[in-house]
Amino acid sequence: MPDRTLILGGARSGKSVAAERLLADVPNVLYVATGGDDSGSAEWAERVAKHQARRPSSWGLVETIDLVPLLSEPGQPLLIDCLTLWLSRTMDALEIWPDLTRAALVEDRIAALTAAWAATPRIVVAVSNDIGSGVVPADPGTRLFRDLMGRLNTSISLASDQALYTIAGRTLPLT
């Protein structure tokens, strides 16, 4: 298995399931959930429960967007789900939404994440949404998010040993 794998796809394409399958035979994976708890949302709780039910009970769990320290340390394989939520929560944490001119702060975080990804001593699989194939968003904040997501996916993909694309439950290699 390659050391660094990025799995891209649209919403509900099967990319998380594909990532879980890649690591299914590994007993001690650390599942890194970047989505937060979205407390109070029954719909979000249901999504989280479905993800948890699919994973082997031997897998660990950490909920964080602080990925660089995890990638920098040797240890068990990581499954990061997902980079799209990492970007959204990073933009929240840096207060980008009310002041889009602060986008360079996110670019710095993307660069740090990419460097840590490229140098990680771990086996790592990350999931991310491919959101750039649709129409140009009408508002500046959504355009910025789409552009940053494209940059993040490109930089992680180019630093990966393997990139895969999932569509309608089928996963294809990107060469």
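Structure's up top.
Rules of the game
Residues numbered from 1 in each chain as written. Predicted model: local features only at pLDDT ≥ 70, side-chain atom pairs only at ≥ 80, totals over all residues. Heavy atoms only, no water. Helix = DSSP H or I, 4+ residues; strand = E, 2+ residues; numbered from the N terminus. Rg over C-alpha atoms; globule rule 2.2 N^0.38 Å. Buried < 20%, exposed > 50% of the residue type's maximum accessible area, 1.4 Å probe, protein only. Contact = heavy atoms within 4.5 Å. Lys, Arg positive; Asp, Glu negative; His and termini not counted. Charge placed at Lys NZ, Arg CZ, Asp CG, Glu CD. Pairing = 2+ DSSP bridges. Axes fitted to C-alpha atoms, helices over the stretch in contact; angles between N-to-C directions. Core = buried A, V, L, I, M, F, W, Y, C linked by side-chain atoms within 4.5 Å. Arc of directions from axis to C-beta. Parallel < 35°, antiparallel > 145°, perpendicular 65-115°, else oblique. Left-handed = near helix turned anticlockwise from the far one by under 90°. Nonpolar A, V, L, I, M, F, W, Y, C, P; charged D, E, K, R; others polar. Salt bridge = Lys/Arg side-chain N within 4 Å of Asp/Glu carboxyl O.

A. Local environment of the overall build of the chain. Counting its secondary structure elements, the chain contains six helices and seven strands. In the chain, the succession of helices and strands from N to C terminus is β-α-β-α-β-α-β-α-α-β-α-β-β. In summary, the chain has a C-alpha radius of gyration of 16 Å against a globular reference of 16 Å for 175 residues, a match within 12%. Taken over the C-alpha atoms alone, the chain extends approximately 45 × 40 × 30 Å along its principal axes. A total of 175 residues make up the chain; the buried ones form 42% of that total. Counting contacts in the chain only where the partners sit at least 6 residues apart, residues at least 24 apart contribute 77% of the total. Within the chain, one finds 16 positive and 20 negative side-chain charges whose respective centroids are separated by 5 Å.

B. A look at the sheet that holds strand E3 (residues 60–63). In spatial order, the strands read E3-E2-E4-E5-E1-E6-E7; together these seven strands make up an open sheet with mixed pairing. The sheet is open, and its two edges are formed by E3 and strand E7 (170–174), each paired on a single side. Averaged over all pairs of adjacent strands, the angle between their axes in this sheet comes to 20 degrees, without regard to strand direction. Pairing geometry for strand E2 (residues 30–33) and E3, over four bridges, is parallel. Along E3, the bridge assignment pairs Ala-33 with Glu-63. Running over the sheet, helix H4 (residues 83–93) touches strand E1 (4–9), strand E4 (78–81) and strand E5 (124–129) and is turned about 70 degrees from E5. Lying on the sheet, helix H5 (residues 103–119) is in contact with E1, E4 and E5; it crosses E1 at an angle near 130 degrees.

C. Just the environment of Cys-82, in detail. Locating Cys-82 in the fold gives a position in the loop between E4 and H4. Placed 19 residues apart in sequence, Cys-82 and Thr-101 show a C-alpha to C-alpha distance of 25 Å. Sequence-distant contacts of Cys-82, that is, excluding residues within four places in its chain, are made with Thr-34, Val-127 and Asn-129.

D. Structural context of the nonpolar core. The biggest cluster of nonpolar side chains holds 30 residues, and the ones touching the most others in it are Leu-71, Ile-80, Leu-83, Leu-87 and Leu-152. Within the residue set of this core, elements represented by two or more residues are E1, E2, helix H3 (67–72), E4, H4, H5, E5 and helix H6 (140–158). Those residues within four positions of Leu-71 in sequence are excluded, and the remaining contacts are Leu-78, Ile-80, Leu-113, Ala-116, Trp-117, Thr-120, Pro-121 and Val-124. Ala-18, Leu-23, Ala-33 and Cys-82 belong to the second-largest nonpolar core, a separate cluster that totals 13 residues.

E. Examining H4 more closely. Inspection of H4 places Leu-83, Thr-84, Trp-86, Leu-87, Thr-90 and Met-91 among the buried residues, and these make up the whole buried set. Buried residues in H4, looked at end-on, bunch into an arc of 160 degrees, giving them a common side. Each element contacted by the buried residues of H4 is listed here: E1, H3, E4, H5, E5 and H6. One or two positions beyond H4, positive phi appears at Glu-95, with a value near 55 degrees.

F. How the structure looks around the packing of H5 against H6. At a closest axis distance of 10 Å, the pairing of H5 and H6 adopts a crossing angle of 20 degrees. Overall, the two elements H5 and H6 adopt an arrangement that is roughly parallel. Where H5 crosses over H6, the handedness of that crossing is right-handed. Where H5 abuts H6, its residues Ala-103, Val-106, Glu-107, Ile-110, Leu-113, Thr-114 and Trp-117 lie against Leu-144, Leu-148, Arg-151, Leu-152, Ser-155 and Ile-156. Residues belonging to the contact of H5 with H6 are distributed by class as follows: nine nonpolar, two polar and two charged.

G. A look at the pattern of salt bridges. A full pass over the atoms with the stated rule returns three salt bridges. Between Arg-4 and Asp-161 there is a salt bridge, with its nearest N and O atoms 3.3 Å apart. One end of the pair, Arg-4, is in strand E1; the other, Asp-161, is in the loop between H6 and strand E6 (162–167), and 157 residues separate them in sequence. The buried category is assigned to Arg-4, whose relative accessible area is 14%. We note a salt bridge from Arg-151 to Glu-107, for which the minimum N-O separation is 2.7 Å. Of this pair, Arg-151 sits in helix H6 while Glu-107 sits in helix H5, and the two are 44 residues apart along the sequence. Given a relative accessible area of 40%, Arg-151 falls into the partly exposed group.

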